[in-house]
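# Fold and contact review
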Amino acid sequence: MPVIHHGDLHLSLEPGETALDALLHAGVAVPNSCRAGACQSCRLRACAGSPPAAAQVGLKETQRQRGYFLACMCRPDEDLTVALGEDAPIDAEVTAVDPLGADVVRVRLAAALEYRPGQFITLLRADGLARSYSLASVPGEQAELELHVRVLPHGRMSRWIADELRPGARLRVRGPEGDCFYVAGKPEQPLVLIGTGTGLAPLQALARDALRQGHTGPIALLHGAVTPAGHYLVDVLEDMSRTHPSFRYTRCALRGEPAPGLEIGGIEALAAAMFPKLAGHRVFLCGDPERVQALRKQSFMRGARMSEIFADAFVTAPPPAVAT
Amino acid sequence: MSSLYDDLGGAPAIEAAVDIFYRKVLMDDRISRFFEGVDMERQAAKQKGFLTMAFGGPNNYTGQDMRRGHAHLVKMGLNDSHVDAVIELLGETLRELGVGEDRIAQVAAVANSVRDDVLSRDPKPAA
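What you see is a predicted model; the values in this text were computed from it and never measured.

## Quick notes on the overall build of chain A
Within chain A one finds seven helices and 17 strands. Compactness check: chain A gives a C-alpha radius of gyration of 21 Å against a globular reference of 20 Å for 324 residues, within 12% of the reference. The principal-axis extent of the C-alpha atoms belonging to chain A is close to 65 × 50 × 45 Å. The buried share of chain A, taken over its 324 residues, is 43%.

See below:
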């Protein structure tokens, strides 16, 4: 009989028993509701073993690839190890810290991490301070991990990175996490990538990954900032659109003077004008949480399927309290 | 008789139906406020559970699940008029999918059967 491993528990399944039955019976508080594979309340992740296909029906393709499954439908053919939560952190060495744009610093790290371009990791400083950053690199193009760190005026991690972190320093990283990455299989599908600020980091990596994996359909990238000074990697992306006719790059800013390739206005209105109908599109959204939320709703209402909208909202930590 | 769930094509058909249904819900001023969470995916998954049940597909919801799952909405003022609106939009969704009126009435009857649990009240005595 297959065994479900979960921390110290090793549960041998009875014939017909589901992973949910076994875990609940052993006293693990797995949330659950419909118990028929519809509501997804009991979604878990296998970190070893392959969940049966029947337990992955209705999940996003990116979630399937990461081992997620619905416990109530899981009658596995093989042993599964159910993740307990977060993976253990691994060591990383800083190899470069360079300015990349106004308020954006590029950090390169050497670390043995498997990931998909567009996912994010959590950086852990020795004192326990932790912040999540998206991966801007593509495995196969470069061995190192690359992060685009927006330097916030009161950012405890970001200021430290910009002012003090130097090559040779050691950090720990946890991850990867996140469903915002490219999955091959529909090479002709139009892709729409919309990001604000350093939301560009995962999206440009995702676009390069899609091209590397032979995506032939149009890939449109829209990068929003408050002012044009907030755009970075402009030359690289303009080059990329010249090299790859299927790739289109547009910048927008809330304030400033319009220029070729640069629109002035709110990103939602521009996205609506650029992509009036999104049925059949795959949509990726990264950056400011309010913009991501509004763009997600807008994309869905304009025809994108919920299962084909991938979003990553960058939540910033509240600034430290001011001493009085 | 086979269930509407099977006739429509099972789980993949529910995916398509949920997208149509959820768009209608979000556009409907009567009820959109009950469905506008930050986590739209979570909302869509819950609705998938509801449609699966209403279409006669596999589900193991209990009355208690229904009460627990909607208690916060009842506190927000969820009442019969909102349940009526949901059933109306469910019917419109099915019409768009080419489902006949007899089947739509059947689905409405299933949805109505959980009305008291959804609204956290005792069943009305039979008239």
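## Describing the interface of chain B and chain A
By a widely used convention, the size of an interface equals the accessible area lost when the partners come together. Taken together, the contact between chain B and chain A spans 21 residues of the former and 17 residues of the latter. Residue contributions to the side of chain B that touches chain A peak at eight residues, all from helix α4 (residues 40-54) of chain B. Residue classes in the side of chain B that touches chain A are distributed as nine nonpolar, five polar and seven charged.

## Looking at the pairing of strand β13 (residues 219-225) of chain A
Residue and element names in this part refer to chain A. Extensive coverage of β13 is indicated by the burial of seven of its seven residues. Side chains I219, L221, H223 and A225 of β13 all project onto a buried face; the interleaved residues A220, L222 and G224 project onto the opposite face, where all are buried too. Here six bridges tie strand β12 (residues 191-196) to β13, and the two strands are oriented parallel to one another. Within the sheet, the bridge partner assigned to V192 lies in β13 and is A220.

## Overview of helix α7 (residues 289-301) of chain A
Taking 1.5 Å of rise per residue, the 13 residues of α7(A) would be expected to cover 18 Å, and the 18 Å separating its terminal C-alpha atoms lies within 8% of that figure. A:R291, A:V292, A:L295, A:R296, A:S299 and A:F300 are the residues of α7(A) that are buried. Along the long axis of α7(A), the arc covered by the buried residues comes to 155°, so they all point the same way. Buried-residue contacts for α7(A) involve β12, α6 (267-274), β16 (282-287) and β17 (309-313) of chain A together with α2 (11-27) and α4 of chain B. A positive phi of about 115° marks A:G303, the residue just after α7(A).

## Some remarks on the sheet that holds β16(A)
All names here are of chain A. The strand order across the open sheet formed by six strands is β15-β14-β13-β12-β16-β17, and the pairing between neighbours is parallel. Edge positions in the sheet fall to β15 (262-264) and β17, since each has one partner strand and no second. If you compare each strand with its neighbour and ignore which way they point, the axes differ by 15° on average. Pairing analysis gives five bridges linking β16 to β17, with the strands arranged parallel.

## Overview of the confidence of the model for chain B
Residue and element names in this part refer to chain B. The share of residues in chain B with pLDDT of 70 or more is 95%, and the mean pLDDT across the chain is 88. No element of chain B has a lower mean pLDDT than helix α1 (residues 4-8), at 85, and none a higher one than helix α6 (residues 80-96), at 95. Model confidence for the complex: the whole-complex pTM is 0.86, and ipTM, which rates the interface, is 0.86.

## Observations concerning the nonpolar core
Residue and element names in this part refer to chain A. L193, L206, L221 and F284 are the most contacted members of the largest nonpolar core, which totals 91 residues. Tallying contributions element by element places helix α4 (residues 200-212) first for this core, with seven residues. Not counting residues up to four positions away in its chain, the partners in contact with L221 are L193, L203, Q204, A207, L237, R248 and Y249. In this structure, I4, L20, M73 and C74 belong to the second largest nonpolar core, which totals 20 residues.

## A short note on the pairing of β17(A)
Of all the five residues making up β17(A), four are buried; the element is thus mostly covered by neighbouring parts of the structure. Remark: the β16(A)/α7(A)/β17(A) crossover connection has right-handed handedness.

## Describing the sheet that holds strand β5 (residues 80-82) of chain A
All names here are of chain A. If you trace the five strands from one edge of the open sheet to the other, you get β2-β1-β5-β3-β4, paired in mixed fashion. In the strand order of this sheet, the two ends are held by β2 (9-12) and β4 (68-70), each with one partner. Averaged over all neighbouring strand pairs, the angle between strand axes comes to 35°, with direction disregarded. The pairing of strand β3 (residues 43-48) with β5 spans two bridges and is antiparallel. Each residue of the ladder has a partner; that of A46, found in β5, is V82.

## Focus on α6(B)
Residue and element names in this part refer to chain B. Here α6 contains 17 residues, and its C-alpha end-to-end distance of 25 Å stays within 8% of the 24 Å for a straight helix at 1.5 Å per residue. All of the buried residues along α6 are H82, V86, L89, L90, T93 and L94. The buried residues of α6 occupy an angular sector of 140° when the element is viewed end-on, so they sit on one face. Relative to its buried face, α6 has exposed residues pointing more than 90 degrees away, namely D80, S81 and R95. In this fold, the buried residues of α6 make contact with α2, α3 (32-35), α4 and α7 (101-113).

## Brief notes about the environment of A:A253
Along the chain, A:A253 turns up in strand β14 (residues 247-253). Distance from A:A253 to A:G230, taken between C-alpha atoms, is 8.2 Å for residues 23 residues apart in sequence.

## Points about unusual backbone geometry
Omega for the bond connecting A:G175 with A:P176 falls within 30 degrees of zero, at 0°, which places this linkage in the cis form. Its place among the elements puts A:P176 in strand β11 (residues 170-177). Here the phi dihedral of A:D103 falls at roughly 65°; this positive angle occurs in a residue that is not glycine. Mapped onto the elements of the fold, A:D103 is located in the loop between β6 (90-101) and β7 (104-110). Despite not being glycine, B:S120 shows a phi value in the positive range, around 55°. The residue B:S120 is located in the segment after α8 (115-118) in this model. Taking the C-beta count within 10 Å as the criterion, B:S120 has 15 such neighbours and is therefore assigned partly exposed.

## Observations regarding the environment of A:E290
As for its position among the elements, A:E290 is in helix α7. Separated by 107 residues in the primary sequence, A:E290 and A:V183 have C-alpha atoms spaced 26 Å apart.

The rules behind these values
- Residues numbered from 1 in each chain as written.
- Chains lettered and ligands numbered in written order.
- Predicted model: local features only at pLDDT ≥ 70, side-chain atom pairs only at ≥ 80, totals over all residues.
- Helix = DSSP H or I, 4+ residues; strand = E, 2+ residues; numbered from the N terminus.
- Rg over C-alpha atoms; globule rule 2.2 N^0.38 Å.
- Buried ≥ 20, exposed ≤ 12 C-beta atoms within 10 Å, placed from the backbone.
- Contact = placed C-beta atoms within 7 Å.
- Nonpolar A, V, L, I, M, F, W, Y, C, P; charged D, E, K, R; others polar.
- Pairing = 2+ DSSP bridges.
- Expected span 1.5 Å × (residues − 1).
- Arc of directions from axis to C-beta.
- Axes fitted to C-alpha atoms, helices over the stretch in contact; angles between N-to-C directions.
- pLDDT = per-residue confidence, 0-100.
- Core = buried A, V, L, I, M, F, W, Y, C linked by C-beta atoms within 7 Å.
- Right-handed = clockwise from strand over helix to strand, strands pointing away.

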